[in-house]
Amino acid sequence: MSVLVFADARGGEITKAAPEAIYYGKQIADKISSTVTVLTYGDVSNDQLEKLGRYGASKVLINKAIKEDNDQSLSALVAEAVKAEGAKVIVFSFDPTGKILAPRLSAKIGAGLVAGATALPEMDGDSMTVSNNVFSGKAFAKYRIKTDVKILSLLPNSIQVSESDGSATVEEFSPSLPEGKLKVKEMRTLGGEGIPLPEAELVVSAGRGLKGPENWAIVEELAGALGAATACSRPVSDMDWRPHHEHVGQTGIAIRPNLYIAAGISGAIQHLAGVNGSKTIVVINTDSEAPFFKAADYGVVGDAFEVLPRLTEAVKKFKASN
Amino acid sequence: MKILVGISKAPDTTTKISFTDNNTKFNEDKVQFIVNPYDEWYALVRGLELKEKNGGSVTTITVGGADHDPIIRKALAIGADDAVRINAEPTDAYFVAKQISDYAKDQGYDLILLGKETINYNGSQVGGMVAEMLDMPYVSIASKLELEGTTATIERDAQGGIEVLEGELPMVISCAKGMAEQRIPNMRGIMAARTKPLNVVEPTDSPALTEVVEFSLPAEKGDVKLIDPENMDELVKLLHNEAKVI
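This text gives an overview of the structure that appears in the document. Note that the structure is a prediction, hence the values are computed from the model and not measured.

Thresholds applied
- Starting afresh in each chain, residues are numbered from 1 along the sequence in its written order.
- Lettering for chains starts from A, numbering for ligands starts from 1, and both go in the order in which the items are written.
- Where local features are concerned, this predicted model is filtered to residues with pLDDT of at least 70; where side-chain atom pairs are given and counted, the filter is 80 or more; whole-chain, interface and lining totals use all residues.
- Secondary structure elements are defined from DSSP: runs of H or I of at least 4 residues count as helices, runs of E of at least 2 residues count as strands, and each element is numbered from the N terminus.
- Partly exposed residues are those whose C-beta has more than 12 but fewer than 20 other C-beta atoms within 10 Å; 20 or more makes a residue buried and 12 or fewer makes it exposed, with C-beta atoms placed from the backbone.
- A residue pair is marked as a contact if its C-beta atoms, positioned from the backbone, fall within 7 Å.
- Polar here means any residue other than Ala, Val, Leu, Ile, Met, Phe, Trp, Tyr, Cys and Pro, which are nonpolar, and Asp, Glu, Lys and Arg, which are charged; Gly is therefore polar.
- Only strands joined by at least two bridges in the DSSP assignment are considered to pair.
- Helices are assigned an expected span. That span is 1.5 Å times one less than the residue count.
- What the arc covers is the set of directions going from the helix axis to the C-beta atoms.
- Simply put, an axis is a line fit to the C-alpha atoms, just over the touching stretch for a helix, and the angle between two N-to-C directions goes from 0 to 180 degrees.
- Any angle from 65 to 115 degrees is called roughly perpendicular, while one under 35 is roughly parallel, one over 145 is roughly antiparallel, and all others are oblique.
- Two helices cross in a left-handed way if the nearer one is turned anticlockwise from the farther one by less than a right angle. They cross in a right-handed way if the turn is clockwise.

### Quick word on the overall build of chain B
- Scanning chain B from N- to C-terminus turns up six helices and 15 strands.
- In terms of principal-axis extent, the alpha carbons of chain B reach across some 65 × 45 × 40 Å.
- Classification of the 246 residues of chain B by burial places 50% in the buried group.
- For chain B, the share of sequence-separated contacts (at least 6 apart) that also reach a separation of at least 24 residues comes to 73%.

Here is the structure:
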């Protein structure tokens, strides 16, 4: 009986969200006097897999036959691992792969799923409750999972991970699996140079106040100085000033970075829904009445065209002296 | 081509959220309900576009009581041919998925489209569950879908980029921005929707695997600290020393 954590792998690398999910699984395992088994796939080096012990994995199962994230083969693999390990709790990351596999597994084995968990579960005997974001970040819900086996997917950047000096044993896991019916034709990395927005810890975002796509250099320069990703509001992506994948908000993507800097965004409730999980919010706007200031930690009432370059210089100066 | 589109009910995006019954129920008082935007703008409209190109039919399916009829009529007004309502409270994602798959399993749908999530529960669960229950491939968070005969080419969000996938129908796809453009129903659509079939079907026996124990609202933010726009060194200092984010 172990806690099973699924770790996604891309191009031979364990993804960035996985250590957090493993550490989360370890906290649960400790409470139920159990251990963490990690399941992954593809061409990941043994060295990388052993190091997952630092986050709390005792054992890593790897399936080398699956090379691509084919949903039906992978969900069958997870179900086989649940059986082999007698897992009572299964943890995924609430990321694109977890959003496919966790519900498939829930339906396959009839185990309750709480998607996008934001904190450790409360456990009392066989009972488990866990919280997540609902109403697009405008509220929280605490769910009880009513089944014996429980599935959680963890919203990335929800808990603080600390490392120890453990090392995991690695075993190949090769049950017979159905062939996947989807073929990956191409993988297109977005923007190439930038930091992927959903994983970014620092984000610089701008809205209609920037007046046109030709003015985005000042946003990118600040992002460059900070090592931040860039984002935008819905009108900006609707007008094609910026690509769709940069749109944060209720109908775009929801993010929760450590720092969210918003320039020239008034802060409509739909935009706030996508960013109000951010730890610190800085709002730059010429209109002191902009609703976004009510949700901000720091506010600058001023013209983004002047404030952003000034902030970029201040950040560069700070970085040079630290 | 037979297309099934999942339609769910959601509070309008400007709704101020509150709860009743000891914080166990969403307060529906004075709330304007809409078709969940991902279901309407992307899944339904792309389904209609594919039907217009390839022929066939678009049926919507909703799990809910009679209070769901107005949003179902809206989907019909936008252009769906007919609608199915499973007459039950949508208690959790598993229950909803089970109702949809129990209905769909003998109907021979080529394509089942849903929004990538609802804006009230945000779980992204129902699509994957329906796919598993019907033993179909599932493509989530798709921003593009093209058909060539029975072969689908789909672009979807993956970790760190966009993945282009190919597969044979039938399949289940959850739809996101980029898939289609919102359609506003015209007067003729609204008139026609009144007489289009809305079939009410009784639910099959299925459990809910999870339940909400309690809702809560985020704590109010403290007052914003205003910084002199001339003094960005001060802001950087605060972000470093006070907020500790850089």
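### Regarding the interface of chain A and chain B
- With 78 residues of chain A at the contact, the number on the chain B side is 63 residues.
- For the side of chain A that touches chain B, the element with the most residues is strand β13 (residues 182–189) of chain A, which contributes eight residues.
- Classifying every residue of the side of chain A that touches chain B gives 34 nonpolar, 23 polar and 21 charged.
- The sheet contact formed by β13 of chain A and strand β11 (residues 161–168) of chain B spans seven bridges and is antiparallel. In the sheet register, Leu 182 of chain A faces β11 of chain B, and the bridge partner there is Gly 167 of chain B.

### Quick word on the environment of Gly 6 of chain B
All names here are of chain B.
- On the secondary structure map, Gly 6 appears in strand β1 (residues 2–6).
- For the pair Gly 6 and Trp 41, spaced 35 residues apart in sequence, the C-alpha to C-alpha distance is 12 Å.
- Not counting residues up to four positions away in its chain, the partners in contact with Gly 6 are Asp 39, Ala 43, Ile 61, Ile 100, Leu 114 and Val 126.

### A few points about helix α9 (residues 304–320) of chain A
- Under the 1.5 Å per step criterion, the end-to-end length of α9 of chain A is 24 Å for 17 residues, consistent within 8% with the ideal 24 Å.
- Those residues of α9 of chain A lying buried are Ala 304, Val 307, Leu 308, Leu 311, Thr 312, Ala 314 and Val 315 of chain A. Seen from one end, α9 of chain A has its buried residues packed into an arc of 170°, which puts them on one side.
- Its buried side turned inward, α9 of chain A meets β14 (202–206), α5 (217–226), β16 (259–263), β17 (280–285) and β18 (298–301) of chain A together with α6 (232–241) of chain B.

### Topic: the packing of α9 of chain A against α6 of chain B
- Contact pair α9 of chain A / α6 of chain B: the axes reach a minimum separation of 8 Å and the direction vectors enclose 55°. On the basis of their axis angle, the class for α9 of chain A and α6 of chain B is oblique. Of the two possible hands of crossing, α9 of chain A and α6 of chain B adopt the one that is right-handed. Note on element contacts: α6 of chain B touches α9 of chain A through Met 232, Asp 233, Leu 235, Val 236 and His 240 of chain B, opposite Val 307, Arg 310, Leu 311, Ala 314, Val 315 and Phe 318 of chain A.
- Residue composition of the contact of α9 of chain A with α6 of chain B, by class: eight nonpolar, one polar and two charged.

### Comments concerning the sheet that holds strand β7 (residues 82–86) of chain B
- Across the sheet, which stays open at both edges, the 10 strands sit in the order β13(A)-β11(B)-β10(B)-β9(B)-β12(B)-β8(B)-β1(B)-β6(B)-β7(B)-β13(B) with mixed pairing between neighbours. Sheet topology places β13 of chain A together with β13 (198–201) of chain B at the edges, where each strand pairs with a single neighbour. On average, adjacent strands in this sheet sit at an angle of 30° to one another, irrespective of strand direction.
- Across the sheet, helix α3 (residues 93–104) of chain B is in contact with β1, β6 (57–63), β7, β8 (111–115) and β13 of chain B; its angle to β6 of chain B comes to roughly 145°.

### A short note on the sheet that holds β14 of chain A
- Spatially, β15(A)-β14(A)-β16(A)-β17(A)-β18(A)-β15(B) is the arrangement adopted by the six strands of the open sheet, whose pairing is parallel. Each of the sheet's edge strands pairs with one partner strand only, and the pair in question is β15 (229–232) of chain A together with β15 (225–226) of chain B.
- The sheet contacts of α5 of chain A involve β14, β15 and β16 of chain A, and relative to β14 of chain A the element is tilted by about 175°.

### So, the environment of Leu 222 of chain A
Residue and element names in this part refer to chain A.
- Relative to the elements of secondary structure, Leu 222 occurs in helix α5.
- In this structure Leu 222 comes out as buried when scored by C-beta crowding, with 26 C-beta atoms within 10 Å.
- In sequence terms Leu 222 and Ala 314 are 92 residues apart; their C-alpha atoms lie 9.8 Å from each other.
- Once you skip the residues sitting within four places of it in the chain, Leu 222 turns out to touch Val 204, Leu 308, Leu 311, Thr 312 and Val 315.

### Side note on the pairing of strand β11 (residues 150–154) of chain A
All names here are of chain A.
- Counting buried positions over the five residues of β11 gives five, a clear majority of the element.
- Side chains of β11 alternate between two faces, with Lys 150, Leu 152 and Leu 154 and Ile 151 and Ser 153 buried alike.
- Looking at chain direction, strand β6 (residues 89–93) and β11 are connected through five bridges and run parallel. Pairing of Ile 90 across the sheet is with Ile 151, part of β11.
- Pairing between strand β7 (residues 112–117) and β11: four bridges, direction parallel. Pairing of Ala 117 across the sheet is with Leu 154, part of β11.

### Let's talk about unusual backbone geometry
All names here are of chain B.
- Of note, the amide linkage connecting Leu 169 to Pro 170 takes the cis form, showing an omega dihedral of 0°.
- Checked against the element boundaries, Pro 170 lands in the loop between β11 and β12 (171–175).
- In the Ramachandran plot, Ser 124 falls in the positive-phi region, its phi being about 55° despite a non-glycine side chain.
- Note on placement: Ser 124 falls in the loop between β8 and α4 (126–133).
- Among the residues examined, Ser 124 registers 27 C-beta atoms within 10 Å and is labelled buried.

### Things to note about the pairing of strand β9 (residues 138–148) of chain B
Residue and element names in this part refer to chain B.
- Pairing of β9 with β12, which is carried by three bridges, proceeds in the parallel orientation. The partner of Ala 142 across the bridge, within β12, is Cys 175.
- As judged from the six bridges shared by β9 and strand β10 (residues 151–158), these two strands associate in the antiparallel manner. By the bridge assignment for β10, Ala 142 is matched with Arg 156.
- Remark: two residues form the turn of the hairpin made by β9 and β10, two consecutive strands paired antiparallel; Gly 149 in that turn has positive phi of roughly 65°.

On their own, these measurements won't tell you what the molecule is for.
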